[in-house]
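Below, each chain spelled out in residue letters.
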Amino acid sequence: MELFQLKRAADVKQALDMAQSAAAGPQNAPAVRFLAGGTTLLDLMKLDVERPTHVIDIHRLALDQVETIEGGGVMIGATVRNTDLANHPLIKTHYAVLSQALLSGASAQLRNMATTGGNLLQRTRCVYFRDTATPCNKREPGSGCAAIEGFNRNLAILGTSEHCIATNPSDMNVAMTALEATVHIEGPQGKRSLAIDDFFLLPGNTPERETALNPGELITHVTLPAPAPGNRSAYLKLRDRASYEFALASAAVVASVSSGKIDHIRIALGGVGVKPWRSHEAEAALLGRAPDAAAFAAAAEAALQSARPQSQNGFKVELAKRCIQHALTLATQTA
Ligand code: SF4
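What counts and what doesn't
Residues numbered from 1 in each chain as written. Predicted model: local features only at pLDDT ≥ 70, side-chain atom pairs only at ≥ 80, totals over all residues. Heavy atoms only, no water. Helix = DSSP H or I, 4+ residues; strand = E, 2+ residues; numbered from the N terminus. Rg over C-alpha atoms; globule rule 2.2 N^0.38 Å. Buried < 20%, exposed > 50% of the residue type's maximum accessible area, 1.4 Å probe, protein only. Contact = heavy atoms within 4.5 Å. Lys, Arg positive; Asp, Glu negative; His and termini not counted. Charge placed at Lys NZ, Arg CZ, Asp CG, Glu CD. Near = heavy atom within 4 Å. 1 Å grid on protein atoms, 1.4 Å probe; cavity = no way out; pocket = protein on both sides within 12 Å on 5 of 7 lines; lining within 4 Å. Sits in = over half its atoms within 2 Å of the grid points. Nonpolar A, V, L, I, M, F, W, Y, C, P; charged D, E, K, R; others polar. Phe/Tyr/Trp six-rings, centres within 6.5 Å; stacked < 30°, edge-to-face > 60°. Salt bridge = Lys/Arg side-chain N within 4 Å of Asp/Glu carboxyl O. Expected span 1.5 Å × (residues − 1). Arc of directions from axis to C-beta. Polar contact = N/O pair within 3.5 Å; in protein donor to acceptor, adjacent residues only side chain to side chain. Points joined across faces, edges and corners; volume = space filled by probe spheres on them. Domains from an automatic or database assignment. Pairing = 2+ DSSP bridges. Axes fitted to C-alpha atoms, helices over the stretch in contact; angles between N-to-C directions.

A word on the overall build of the chain. When its secondary structure is counted, the chain shows 12 helices and 12 strands. Computed over its C-alpha atoms, the radius of gyration of the chain comes to 20 Å, within 12% of the 20 Å expected for a compact globule of 335 residues. With 335 residues in all, the chain has 52% of them scored as buried. Restricting to contacts in the chain with at least 6 residues of sequence separation, those with at least 24 account for 62%. Of the side chains in the chain, 32 bear a positive and 31 a negative charge, and the two mean positions are spaced by 3 Å.

Take a look at the structure:
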């Protein structure tokens, strides 16, 4: 691990000021990272994948609340722990898909430490990204992608490029995508907000850039819109073992049914996309239809139509289709 300077910020302004002065400092190529739960960053620092010169501890910032907002939605602070978010009464009651997704991820110990902001910034579990002895465009731009000809069983089939085929590993991000979350950011240029689908970037030819977050910017909170009337939701995660494992395929569904027809539907997929994958195609195939097996099968087909499997992960196409169909059944059977 490289040497780095550690500072602790008392509030958002101080954290941003610290980041700005570190970035402007005399050090050659300063790299600044904010530290909250540390469940991703510290691992990657020990592996020499992340080599910050300055670490700013933000875990004491007053961003640890879940509150209702005008219009009926909720605001989730960036340092709210995953366990607290999953078990919060507002989330369990009105955004069950988010609670289910959070509780399906990692282990109890990790969920007790991991934060909302950190989960949004979780890095891929591609084995080559974490192994500095191998080429990886995400870790070292221009070095190549060892996964395309190598071990790619757990990697993406949607949204890939010739430069990177890594999946986003988060469960929380999939549920937040189905819930149409907004990510709120503060930085040297002020405040801005991004729809979660715009927050995550496709790899294209710059896989090292995973989100729209700029250097020196800090996620302060996430908002979720008011739940659609009468909606039901479900998160289904398929994986190699029952716990402490990343998804091979997962689906988050938010749906409401009125007069026997689906009148609101949001579907996002995990484990198969290079980012949390909103499937507008599947939604279009379902809207206005009766919630039955034929409609669910059509939605699953539509969702995977553009899939491009690699040498070892062709099975994910069928797995994701079945995952979507089962999640739709779970979400609509009582809707
Ligand atoms: Fe690196 Fe992406 Fe290739 Fe994995 S898939 S080796 S993260 S470039």
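In the vicinity of the ligand lie 13 residues, with Cys126, Cys136, Cys145, Cys164 and Ile165 positioned nearest. Here the ligand occupies the second largest cavity. Class assignment for the residues of the shell around the ligand results in 10 nonpolar, 2 polar and 1 charged.

All chains considered together, the criterion is met by 1 aromatic pair. With a centroid separation of 5.1 Å and 80° between ring planes, the pair formed by Phe199 and Phe200 is classed as edge-to-face.

This next bit is on the pattern of salt bridges. Two side chains with opposite charge may pair up if their charged atoms get near one another. In this structure the tally under the stated criterion is 17 salt bridges. As a salt-bridge pair, Lys13 and Asp17 come within 2.7 Å of each other at their nearest N and O atoms. Taken together, the positions of Lys13 and Asp17, both in helix α1 (residues 12–23) and 4 residues apart, correspond to about one turn of that helix. The exposure class of Lys13 is exposed, given its relative accessible area of 57%. For Asp17, a relative accessible area of 36% translates into the label partly exposed. Among the ionic contacts, a cluster of salt bridges with common partners joins Arg33, Glu50, Arg123, Lys138 and Glu210.

Moving on, we get to α1. Here α1 contains 12 residues, and its C-alpha end-to-end distance of 17 Å stays within 8% of the 16 Å for a straight helix at 1.5 Å per residue. All of the buried residues along α1 are Val12, Ala15, Leu16, Met18, Ala19 and Ala22. The arc that holds every buried residue of α1, seen down its axis, measures 160°, which confines them to one face. Looking at the buried side of α1, the elements it contacts are β1 (5–8), β2 (32–35), β3 (54–57), β6 (182–187) and β8 (218–224). The N-capping residue of α1, defined by a side-chain oxygen 3.3 Å from the backbone nitrogen of Lys13, is Asp11.

We now examine the layout of surface pockets. As a volume, the second largest pocket reaches approximately 290 Å³. The wall of the second largest pocket is formed by 22 residues, among which Arg125, Asn154, Glu245, Phe246 and Ala247 lie closest to the centre. Its residues placed into classes, the lining of the second largest pocket shows 9 nonpolar, 8 polar and 5 charged.

Turning our eyes to something else, we now look at the environment of Thr115. Within the secondary structure, Thr115 is located in the loop between α6 (108–113) and α7 (116–120). Placed 86 residues apart in sequence, Thr115 and Leu201 show a C-alpha to C-alpha distance of 21 Å. Contacts of Thr115, omitting those with residues within four sequence positions, involve Ala36, Gly37, Ala78, Thr79, Val80, Arg81 and Asn82. Polar contacts involving the side chain of Thr115 include one to the main-chain amide nitrogen of Gly118, which spans 3.1 Å.

To continue, consider the domain arrangement of the chain. Taken domain by domain, the chain holds domain 1 (1–60) and domain 2 (232–332). Just the C-alpha atoms count here: the centres of domain 1 and domain 2 sit 37 Å apart.

Right, let's get into empty space enclosed by the protein. For the structure shown, the criterion picks out 3 cavities of 30 Å³ or more. In this structure, the largest cavity is lined by 18 residues; those nearest its centre are Lys138, Ala166, Asn168, Glu210 and Val274. Among the residues forming the lining of the largest cavity, the class breakdown is 9 nonpolar, 4 polar and 5 charged. Estimated volume of the second largest cavity: approximately 90 Å³.

The 3 strands lie next to each other as β1-β3-β2, forming an open sheet whose pairing is parallel. Since the sheet does not close on itself, it has two edges, and those belong to β1 and β2, each with one partner. Taking the axes of each pair of neighbouring strands and ignoring which way they run, one obtains an average angle of 25° across the sheet. The pairing of β2 with β3 spans 4 bridges and is classified as parallel. Across the sheet, residue Phe34 finds its bridge partner in β3, namely Ile56. Across the sheet, α1 lies against β1, β2 and β3, angled at about 155° from β2, the strand it touches most.

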